[in-house]
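Structural characterization, general
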Amino acid sequence: MGELQKKTYGRGELIGYLIGMFGQNMIYQVIAAGLVSVYLGTVLYIPAIAVSVIIFAARIWDAINDPMMGTIVDRTHTKWGKCRPYLIFFPAIIGVMTILCFVNGIYTSPGASKVLIVAWAAISYIVWGMLFTVCDIPLWGITSLMTEDQDDRAKIIGLARMAAGIGGIGTVVSFIPGFLKGMFEGRYAEKIGTVVNGAEYTQQMANNDTARAAWIATVVIITVVASILFEVAGLVTRERVPGDAEDKRGIVENFKIMWKCLPFRQILISGVIRSPLQLLMILAMPLMLYYYTDNAFENIGNLDGGQRLFKIGLIGLAVFIPQFAAMALTPAFVRKYENRKIYNFYSIAGAVPYALIFVAYIVSGGNMLSWLWVAVTAVCIGLASASMGGINVMQSIMIADCVDYEEYHNGYRPDGVFFSGQSFLTKLSGGIAALIQGVVYAVVKFSGENLDNINFRLANGEHFYEIDGGKYAAAMFFLISIPVAIGMVLSALPMKKYAMTDDEHKKMLDELIEKRAAAENGDAE
């Protein structure tokens, strides 16, 4: 008997899926790089530890919510399939909720209740996370349903990671408000010296209100565009791998399945240990904004005779280009080398450049603004980003393999449940990273009213790397270096004896494809 024909996606479907992945990650970055990394702390001035608690509490809820949503996906049976319905109907809802997270800033000054501000931040962020999960699990889960071909699956996952990385352009949400401030300055300047809510309206208050208005306008524009792009994935994709006709498993049983599947359990444990890796993405924009532009990106063209713009551009390219290159090359590595070895290479080798970032900061005496130290920073961040990109692709490929593993051994495909594990890992990692950030920021007092004062001093000509002895800059460079390096090394330990070899997986997949073909032929007869 010749090799069985494997069902797979076409070029147009692949492109449509990647467009949707790009749009989804633009929305994610609006929240991650905009709301979490900048807006809550540096625009609304919510204390750093409060922001960290909100995010960590949301991640605790995700421990229940994500597998629950995965269970719902696996029990969904419609004419569109089990993943597509969520990709068709929810992008617009997520877009609306994204904007509501920022509308918090409308009523904040002066005399606004800090309790109400924090409550809005907490509730809106948790609700947003729940809605995002409704689409995130199906968006990744559908990759194992679009094709039976292992190479095509590795290809789409690698490209999906690249599209998600390109969606990181959503991080520009941190910079655009600076250029839009002029649209709102006049409205608030007129109020200076008047009494509002029983307090005198000051220049500092006007600056804060202008910033909030510019942020909300920016978020509305980016989110509307991103939601439209996100919708494309649901409209063009197709599901080809059949699921369970009568899947009645509940959330408790699915928790047991996730834990009992040894290779999946190893991936989860490794991912949790690697959580500090998210610190680089959380802090990339605040580091650029504060350390390299003194919180005035709109004036970047005037710094160092315009050289600062090119320096930031070099570091920005170092964050993204090597990451994309690793994402593109990793599927080719998978065809030549053992998955476990590739995964652990990225983990251990990637720890070195992360550690060197803080070493470079110390050796430079805290001033990393010269071309020499910008180049050193770019090299370290580039190598570190490559390891992050590669390991993200490997995680998705290996989770998809675990779905095959479970179908082979137990007769059902937990696509939704297992990819809920990836969604949970992403958000838990962000939560743990944010908690680490919040603790360090609280120690150096880079939050709340003190941050408001720091912003005012920067607006009056002081330099971020010099303020209060440079301790705030040191905190940022420490966070993107040492905790990440430690987490990367330790994350390789659970994968040292990975429970599924590549040869074992190939044998399983071949038998599954043959079994499905036999079942289809039997139905046809």
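Computed from a predicted model, the values in this text were never measured in an experiment. (Residues numbered from 1 in each chain as written. Predicted model: local features only at pLDDT ≥ 70, side-chain atom pairs only at ≥ 80, totals over all residues. Heavy atoms only, no water.)

For helix H16 (residues 415–444), spanning 30 residues, the distance from its first C-alpha to its last is 44 Å, which sits close to the expected 44 Å at 1.5 Å a residue. The element H16 is extensively covered by neighbouring structure, given that 23 of its 30 residues are classed as buried. Following H16 by one or two positions, Lys445 has its phi on the positive side, about 65 degrees. (Helix = DSSP H or I, 4+ residues; strand = E, 2+ residues; numbered from the N terminus. Expected span 1.5 Å × (residues − 1). Buried < 20%, exposed > 50% of the residue type's maximum accessible area, 1.4 Å probe, protein only.)

Here we come to helix H5 (residues 114–141). Across its 28 residues, H5 extends 40 Å between first and last C-alpha, which sits within 8% of the 40 Å expected from 1.5 Å per residue. Bending of H5 peaks at approximately 30 degrees at the position of Thr133. (Bend = angle between axes of the 7 residues up to and from the residue.)

Quick look at the environment of Thr133 now. By the element assignment, Thr133 lies in helix H5. The spatial distance from the C-alpha of Thr133 to the C-alpha of Ser396 is 16 Å, given a sequence separation of 263 residues. For Thr133, the contacting residues outside a window of four places in its chain are Asn65, Asp66, Met69, Pro138, Ser423 and Lys427. (Contact = heavy atoms within 4.5 Å.)

What follows concerns the pattern of salt bridges. A complete count under the given rule lists eleven salt bridges for this structure. Close ionic contact of Asp468 with Arg457 constitutes a salt bridge, the shortest N to O distance being 3.5 Å. Placement of Asp468 in the loop between helix H17 (448–459) and helix H18 (471–479) and of Arg457 in helix H17 is noted, with a sequence separation of eleven residues between them. Between Asp510 and Lys506 there is a salt bridge, with the nearest N and O atoms lying 3.1 Å from each other. With a gap of four residues between them, Asp510 and Lys506 both fall in helix H20 (residues 502–524), about one helical turn apart. What makes Asp510 partly exposed here is its relative accessible area of 35%. A single salt-bridge network, built from bridges that share partners, covers Arg153, Asp401, Asp404, Glu407 and Arg413. (Salt bridge = Lys/Arg side-chain N within 4 Å of Asp/Glu carboxyl O.)

Next up on the list: a nonpolar patch on the surface. Taken together, the side chains of Trp61, Ile64, Met68, Ile72 and Met130 make up a nonpolar region of the molecular surface, amounting to roughly 390 Å² of accessible area. Element by element, the count of residues in the nonpolar patch is highest for helix H2 (residues 48–74), at four residues. Along the chain, the position of Trp61 falls in helix H2. (Patch = residues over 30% accessible without salt bridge, like charges linked within 9 Å, V, L, I, M, F, W, Y side chains within 5 Å. Areas by Shrake-Rupley, 256 points an atom, 1.4 Å probe, with all protein chains shown as cover.)

Moving on, we come to the packing of aromatic side chains. Enumeration over the complete set of coordinates arrives at 22 aromatic pairs. Summarising the aromatic geometry, the rings of Tyr39 and Trp215 are spaced 5.5 Å apart at their centres and angled 55 degrees between planes, so their arrangement reads as tilted. With a gap of 176 residues between them, Tyr39 in helix H1 (residues 11–43) and Trp215 in helix H9 (residues 203–236) connect regions that are remote in the sequence. Neither Tyr39 nor Trp215 differs from the other in exposure class; each is buried. For the pair Phe264 and Phe418, a centre-to-centre distance of 4.2 Å together with 5 degrees between the ring planes defines the contact as stacked. You can see Phe264 sitting in helix H11 (residues 262–273) and its partner Phe418 sitting in helix H16, a full 154 residues away along the chain. In this pair, the class of Phe264 matches that of Phe418, namely buried. (Phe/Tyr/Trp six-rings, centres within 6.5 Å; stacked < 30°, edge-to-face > 60°.)

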